[in-house]
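# A look at the structure
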Amino acid sequence: QLQSKILILTICAAGIGGTFQYGYNISIINAPTSYIQMFMNETWLERTGVPLDSNVILLLWSFTVSAYPLGGLTGAVVAGPMAIMLGRKMSLLLNNVFVIIAAVLSGFSRMAKSFEMIMLSRFFTGVNAGVSMNIQPMYLAESAPKKLRGAVALTSASFTALGLVLGQVVGLRELLGGEESWPFLLASNVVPALIQLTALPWFPESPRYLLIDRGDKESCISALQKLRGNSDLSAELEEMLAEQAAVKGQRAKNPWELFQNPAVRWQLMSIVVLSSAMQLCGNDSMYFYAAYVFQEAGIPQDKIPYVVIGTGSCELITSVTCNMIIDYAGRRPLLLGGYIFMAGWAIVFMVALSQQTQISWMPYLSMACIFAYILSFGIGPAGVTGVLPTEVFDQMSRPAAYMICGSLLWFNLFLVGTAFPFIVKSLAHFCYVPFLVVCICTALYVGLFLPETKGKSFLEISEEFKKRNFKSQTHAVFYKGPEEIKCTML
């Protein structure tokens, strides 16, 4: 059992400084909102002798909040070249530098009387999250055995949810959410970074990266032995060598080359649709609404932060459940079910919001909707979306695919964050109509066009997409390899 332990520890070491930081940093900024705004005003007053207008404070605050997705976008763009040049593991280790810089900036911001340091620190935190969101699923899916690949890559989503919940807990007034302690709250993200820097160096690099990118068969075998132990490696090595032969002579691709390549048309379309839908489906906006709905349901103001922890825990529970069932249920049913349920709950939620004042039990229905919506998101879209780029692209296209995926994710997070208050203003109770449309369209796309990837080798998945991409042409013209490749897989 030692080997499965090594795989589990590798997952934890990669996760704690990886996607955990993404969730953690999204939620720790909520607790000290009013204190940081006061700090901005006091700092400005000290510098100029004039207090800030409330609109200007709001503008500065929205700059601070949007610095995070902008950093994330930057991180997503640099993640591809990092993964290719430095390797998956080294990139994750180096990535902690950004968080350490961010923690120093935000930790000393009050002492230095500079709110600009907070903005800058949020940008660097974003860069860290952008890199880890792309490289961690890639590293883990490449290190996992085929039958566990979905579950292992999905742990990224579980760590994000764990980060969200812990961020909400640490942000409580009793811990670090008080007026005196907010600089420590913002700097607390240095702890996971230090844990990763001590733990991850002991674990192996991705075996696929070592063999296919570096051509280093010995290191690949030793990494596999560490991860798999004494079990027979010949079949897995055979499959990797077949993939190496299939991409022989190619170099790692750039994102724009994927758009020009007809051989990856459907793969690209699938990840573009699913990555965009993940942010445009309105799950994050549910958190925005949570406090208001809980207040309407008659929960006392000072108890609301505790109930909000419940919503984060919902996502954590479902992503762990999804981990357990993804390799049994498959990717398609989880995505399809998730988006169909979300569409249903969005309709109920809008009806509940519109009747909030008329019917006494409506606030409880809208509360139930918030939990149900987050549960439906967690069971499928939250995790499966991050696994797909690893499965549907080959080794040479994978980093570029993650760059496209990550950039879309962060751009849409920025878009929804900026546009949602205006959507609420103009559509009032029907603010979920745009999200409803996104959920229905995504469910249709998954139902009609996305093939199942469960339990298949990377080459078999490529074959299935090849049939789609070149439906019109005869198969024989295009593919000269399956005979020899198929026989190595026997």
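Just so it is clear, the structure is predicted and the values come from calculations on it, not from any experiment. (Residues numbered from 1 in each chain as written. Predicted model: local features only at pLDDT ≥ 70, side-chain atom pairs only at ≥ 80, totals over all residues. Heavy atoms only, no water.)

### Details of the nonpolar core
- By size, the foremost hydrophobic cluster in this structure holds 72 residues, and its most contacted members are Y339, W410 and Y432.
- Each of domain 1 (1-203) and domain 2 (253-468) contributes no fewer than three residues to this core.
- One finds L7, I16, M40 and Y402 within the second-largest nonpolar core, a separate group that totals 42 residues. (Core = buried A, V, L, I, M, F, W, Y, C linked by side-chain atoms within 4.5 Å. Buried < 20%, exposed > 50% of the residue type's maximum accessible area, 1.4 Å probe, protein only. Domains from an automatic or database assignment.)

### A few points about the pattern of salt bridges
- Within this structure, the stated rule accounts for 13 salt bridges.
- For E391, the salt bridge is made with R149, and the minimal N-O distance between the two is 2.9 Å. Placement of E391 in helix α20 (residues 381-392) and of R149 in helix α8 (residues 149-170) is noted, with a sequence separation of 242 residues between them.
- A residue is classified by how much of its surface remains accessible, and E391, at 1% relative accessible area, is buried.
- The class of R149 is buried, set by a relative accessible area of 2%.
- The shortest N-O distance in the salt bridge between K303 and D302 comes to 3.6 Å.
- Residue classification places K303 among the partly exposed residues on the basis of a relative accessible area of 41%.
- Among the charged side chains, a salt-bridge network with shared partners connects R88, E142, R208, E239, E243 and R398. (Salt bridge = Lys/Arg side-chain N within 4 Å of Asp/Glu carboxyl O. Helix = DSSP H or I, 4+ residues; strand = E, 2+ residues; numbered from the N terminus.)

### Some words on the environment of A103
- Residue placement: A103 occurs in helix α6 (residues 96-107).
- The buried category is assigned to A103, whose relative accessible area is 7%.
- C-alpha separation for the pair A103 and G23, spaced 80 residues apart in sequence, amounts to 16 Å.
- Beyond its immediate stretch of four places on either side in the chain, A103 contacts A187, N189 and V190. (Contact = heavy atoms within 4.5 Å.)

### Topic: the packing of aromatic side chains
- Taken as a whole and assessed by the stated rule, the structure comprises ten aromatic pairs.
- Judged by centre distance (5.7 Å) and plane angle (15 degrees), the rings of F20 and Y24 are stacked. In this pair, F20 and Y24 are both assigned in helix α2 (residues 19-28), four residues apart and thus about one turn of the helix distant.
- Judged by its relative accessible area of 5%, F20 falls in the buried class. (Phe/Tyr/Trp six-rings, centres within 6.5 Å; stacked < 30°, edge-to-face > 60°.)

### Considering a nonpolar patch on the surface
- Judged by side-chain polarity, M85, L86, M90, L94, V97 and I101 come together as a nonpolar surface patch covering roughly 510 Å² of accessible area.
- Elements supplying a minimum of two residues to the nonpolar patch: α4 (54-86), α5 (88-94) and α6.
- Note that L86 resides in helix α4.
- L86 gets classed as partly exposed once you look at its relative accessible area, which sits at 33%. (Patch = residues over 30% accessible without salt bridge, like charges linked within 9 Å, V, L, I, M, F, W, Y side chains within 5 Å. Areas by Shrake-Rupley, 256 points an atom, 1.4 Å probe, with all protein chains shown as cover.)

### Here's the deal with the domain arrangement of the protein chain
- Taken domain by domain, the protein chain holds domain 1 (1-203) and domain 2 (253-468).
- Computed from C-alpha atoms alone, the centre-to-centre distance between domain 1 and domain 2 is 21 Å.
- In this assembly, 41 residues from domain 1 lie in contact with 44 residues from domain 2.
- Where domain 1 abuts domain 2, roughly 3300 Å² becomes buried across the two surfaces, and 68% of that area is made up of carbon and sulfur atoms.
- In terms of surface lost to domain 2, no three residues of domain 1 exceed R149, L154 and Q168, which account for 18% of the buried area on that side.
- At the surface where domain 1 touches domain 2, the tally comes to two salt bridges.
- At the boundary of domain 1 and domain 2, one finds nine residue pairs in polar contact (both at pLDDT 80 or more).
- When contributions to the side of domain 1 that touches domain 2 are tallied by element, the ones reaching two or more residues are α4, α7 (116-143) and α8.
- Among the elements that make up the side of domain 1 that touches domain 2, the one with the highest residue count is α8 (14 residues). (Buried area = accessible area lost by both parts, 1.4 Å probe. Polar contact = N/O pair within 3.5 Å; in protein donor to acceptor, adjacent residues only side chain to side chain.)

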